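What follows is each chain in one-letter form.
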Amino acid sequence: MIRKPETFDEMLADPHTARSPYSAYFNWFGSENLKHLRRKSADAEAFFRRIGITFNVYGQDEADERLIPFDIVPRIIAADEWTRLERGTEQRVRAINAFLHDIYHRQEIIRAGRIPREIIAGNAAYLPEMIGVDPPGGVYTHVVGVDLVRTGENDFFVLEDNARTPSGVSYMLENRETMLQMFPELFTQLRVRPVSRYPQLLRRSLADCAPPGFSGGKPTVAVLTPGIHNSAYFEHSFLADQMGAELVESQDLRIENGRVVMRTTEGYHPIDVLYRRVDDEYLDPLTFNPESLLGVPGIMDVYRAGNITIANAPGTGIADDKALYSYMPEIVEFYTGESAILKNVPTWRCSEADSLAYVLENLKDLVVKEVHGSGGYGMLVGPAASKKELAAFEAKLRARPGNYIAQPTLALSTVPILTKSGLAPRHVDLRPFVLVSPDRIDMTPGGLTRVALKKGSLVVNSSQGGGTKDTWVLEG
Amino acid sequence: MMLGKTAGGLFWMFRYLERAENTARLLEAGWRIALTRSGAAPGEWQSVIATAGMTSAYLAEHETYDAAQVIDFLLRGKSNPSSVLNSLASARSNARTVRTALSSEVWEATNECWMEAKSILSRPISERNLHDTLAKIRFRSAVVRGALHGTMLRNDIFSFARLGTFIERSDNTARILDVKYYVLLPSASLVGTMIDNAQWETILRSVSAEQSYHWLNGGQTSPLGIADFLILDRRMPRSLSFCCLKIADNLAQLEQEYDSRKECHDMSDEICNRMFGSTIETIFEGGLHEFLSKSIADMGQLATLIEADYRFYR
């Protein structure tokens with residue numbers, strides 16, 4: 001394997017020239033005073049604290065609310081670049097929904113021999129309870145967050161499909177609010193496509209998927225949160241607020257006459273659509289984890305009877321499972337009849353002997369991920385690891401090879417952040433948010449740009465010291 | 001219609017905000033007395049703790065009623081759930097759970113109030129800085145109230161917020177009077193010593209009413225007058241009557257909005273009838289302490305009924 005080539009910087013073509021999407025911003029930046037900008041940056045932090053855009057870090061004191069660091073240099077995407085991403089993402093999301101329907105019904109893709117049966121049958125993310133179930137409106141993944149990375153002018157890769165309960169959209173919205181307040185003049189110079197319609201679109205997508213016989217008038221939509229101590233609680237309450245939906249917890253809900261109802265000041269009221277931010281495992285203690293206090297006992301029966309919409313549908317995790325990721329190009333082709341517009345990152349499945357041998361030999365150049373891990377936990381970044389860490393990981397790989405996949409260390413593109421001494425390049429990724437309705441797919445122009453704040457680091461996760469940037473998609 | 005949990009969260013958010021303010025007022029009054037009449041200070045601090053309903057919690061940690069210890073206990077005592085800091089933290093935590101019911105201005109004001117309190121109260125406050133500290137906290141909580149009045153719809157959300165405020169306030173005023181009821185009795189007024197005058201002044205100061213009382217009474221201070229003012233005067237925003245009226249108004253709003261009358265409405269009517277059927281003379285005849293004890297118990301029961309009728313928890 002070849003060690004990482006030169007990094008692609010999205011802003012600068014050379015130290016003095018900006019790439020075209022950034023040229024107006026770069027000129028503006030050149031005329032600004034660094035001290036003044038640093039002050040703005042501190043203002044932004046105060047603004048986030050006041051609004052309460054905080055998250056709780058797992059394993060830390062519950063009272064310890066942290067801010068995700070925000071960088072005031074925007075990430076800018078040209079109209080034509082975006083159009084391609086949009087087409088590719090839409091194609092992928094369509095394929096994911098077709099795949100989920102198939103895998104819980106006739107399993108044509110397995111019959112056709114395009115993916116191995118074992119990968120489904122032995123997978124914890126595959127829920128037999130969903131076999132033969134038709135989600136209202138035919139939609140499985142109402143919200144998808146597709147993680148994209150870039151390595152060159154025309155090279156975008158999908159790193160991960162988040163088809164369960166992707167988070168981060170509140171940062172997309174609040175980052176933009178912050179930028180609008182701090183740099184109104186920039187928005188009059190550059191034509192940036194707005195992101196603010198997302199909550200209304202989400203509400204509409206969810207309502208459009210209400211069960212056919214819903215209670216009449218406007219469907220009742222509620223957001224199910226694990227509670228105030230959850231790391232993403234801010235986002236749950238933010239989205240409920242922006243959509244005009246109720247924010248409910250397990251204790252507010254019960255089953256009555258075959259419906260899921262919420263306790264209100266006027267008695268129990270049925271819910272038509274539940275946008276749940278609780279994992280499958282905890283959704284229904286009668287069906288899944290019996291210890292769960294976060295779900296609603298019996299909700300799966302109501303769901304199977306077609307009396308509530310659960311968004312995203314239970315069992316969608318099989319589509320973003322890392323063991324399945326390497327089959328995504330096949331999956332896209334199988335269901336859309338076209339080859340995938342967005343590339344996959346080459347992936348070695350360590351369950352296969354040849355791959356394992358290769359991975360062990362090249363460990364120091366690879367990124368190794370746990371098949372069921374998320375949030376950057378349990379991951380090895382070969383080039384950044386010490387000899388000791390490499391050895392420890394090698395032992396883990398040998399013990400349970402099926403638990404891991406490996407990918408080349410991509411030279412993720414960089415976008416500058418503002419540091420004490422001015423602009424400095426840092427690696428980024430991008431999570432656009434895609435909404436699926438029975439008749440439509442909407443992708444908000446922008447998304448969440450995550451940035452590794454440490455020089456040279458490739459890990460952008462907020463739980464591992466990453467920050468965020470506002471993402472600007474320019475009008476065509 | 002709203003979630004029962006949300007109604008409960010709003011109710012408690014505003015109870016805690018009111019409680020923080022009341023504790024701040026109590027402290028201010030105690031501090032004032034201690035400054036001007038140093039001989040009366042320890043007794044004054046003792047009754048401040050008693051009014052806050054914290055005597056046993058305080059004595060579990062301290063042996064004497066020392067100014068610095070009382071101030072610290074009431075402002076930021078870890079073991080005191082009603083300390084200013086803990087009350088504001090509870091208010092803010094409730095606000096987080098009901099954030100979808102609050103205007104962004106109310107939420108931000110609450111969050112800022114808590115952030116400022118947390119930062120000022122991160123270390124002990126000296127007597128010298130007490131006044132400024134309390135002024136800042138009062139200012140911040142006034143901003144929350146201003147945002148509530150200026151930006152919230154007058155619907156069930158508003159009613160639950162106001163119910164919390166007035167139930168807490170009524171409880172607080174009744175406690176202040178009850179801890180000091182003996183200095184208001186006719187027998188005590190005969191004594192007419194400096195100490196008693198100081199006590200009357202504290203009572204008025206504890207509810208920020210010394211100025212308005214003097215406006216209305218032209219400088220004539222009498223125990224009967226003070227009791228009348230704090231119990232029956234409907235112009236006085238911290239009097240028991242005023243609180244009763246506001247509670248009845250807000251319950252009537254809910255009755256109308258939900259088109260449903262509950263047990264708490266009957267209880268509230270009963271409390272109002274008793275209050276408005278009294279004169280200060282009949283109250284003293286029947287026993288001031290007995291009247292206040294019943295007021296406190298009635299409000300407690302009313303709060304329990306509201307909680308059940310609107311399904312805060314079940």
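That block above? That's the structure.
Because the structure is predicted, anything quoted here is derived from the model rather than measured. All residue numbers refer to position in the chain's written sequence, counted from 1. Following the order in which they are written, the chains are lettered starting with A and the ligands numbered starting with 1. In view of the model being predicted, local features appear only for residues whose pLDDT reaches at least 70, and side-chain atom pairs are presented and counted only at 80 or more, with totals across whole chains, interfaces and linings using the full set of residues.

## Points about the packing of helix 2 (residues 34-51) of chain A against helix 6 (residues 104-120) of chain B
- To define axes, lines are fitted to C-alpha atoms, for helices over the stretch in contact only, and angles between the resulting N-to-C directions are given on a 0 to 180 degree scale. In this description a helix means any DSSP run of H or I spanning at least four residues, a strand means any run of E spanning at least two, and both kinds are numbered starting from the N terminus. Put simply, helix 2 of chain A and helix 6 of chain B touch, their axes get as near as 8 Å, and they point 110 degrees apart. As summarised for this structure, helix 2 of chain A and helix 6 of chain B are arranged roughly perpendicular, according to the angle between their axes. Counted together, A:Arg49, A:Arg50 and A:Ile51 of helix 2 of chain A and B:Glu108, B:Asn111, B:Glu112 and B:Met115 of helix 6 of chain B form the full contact between these two elements.
- Classes in brief: Ala, Val, Leu, Ile, Met, Phe, Trp, Tyr, Cys and Pro nonpolar; Asp, Glu, Lys and Arg charged; the others, Gly included, polar. Partitioning the contact of helix 2 of chain A with helix 6 of chain B into residue classes produces two nonpolar, one polar and four charged. For classification, angles of less than 35 degrees are called roughly parallel, those exceeding 145 degrees roughly antiparallel, those between 65 and 115 degrees roughly perpendicular, and all remaining angles oblique. We call two residues in contact when the distance between their C-beta atoms, placed using the backbone, is within 7 Å.

## Points about the pairing of strand 21 (residues 422-431) of chain A
Residues and elements named next belong to chain A.
- Strand pairing is assigned whenever DSSP identifies at least 2 bridges connecting the two strands. By the bridge criterion, six bridges tie strand 20 (residues 414-419) to strand 21 in an arrangement that is antiparallel. Pairing of Thr414 across the sheet is with His427, part of strand 21.
- In this antiparallel pair of consecutive strands, strand 20 and strand 21, the connection spans two residues.
- Here strand 21 runs beside strand 24 (residues 448-452); their pairing, made up of four bridges, is antiparallel. In the sheet register, Val428 faces strand 24, and the bridge partner there is Val451.

## Digging into the packing of helix 14 (residues 240-258) of chain B against helix 15 (residues 263-276) of chain B
All names here are of chain B.
- Here helix 14 crosses helix 15 at 150 degrees, and the two axes come no closer than 10 Å. For the element pair helix 14 / helix 15, the angle class is roughly antiparallel. The element helix 14 and its partner helix 15 pack so that their crossing is left-handed. Across from Leu240, Ser241, Cys244, Ile247, Ala248, Leu251 and Glu255 in helix 14, the residues of helix 15 making contact are Cys264, His265, Ser268, Ile271, Cys272 and Met275.
- Partitioning the contact of helix 14 with helix 15 into residue classes produces nine nonpolar, three polar and one charged. The crossing is said to be left-handed when, going from far helix to near helix, the turn is anticlockwise and less than a right angle, and right-handed when the turn is clockwise.

## Considerations on the interface of chain B and chain A
- On the side of chain A, 18 residues touch chain B, which itself brings 18 residues to the contact.
- Among the secondary structure elements, those contributing two or more residues to the side of chain B that touches chain A are helix 1 (4-36), helix 5 (84-97) and helix 6 of chain B.
- If you tally residues by element for the side of chain B that touches chain A, the top one is helix 6 of chain B, at four residues.
- In terms of residue class, the side of chain B that touches chain A is built from seven nonpolar, four polar and seven charged.

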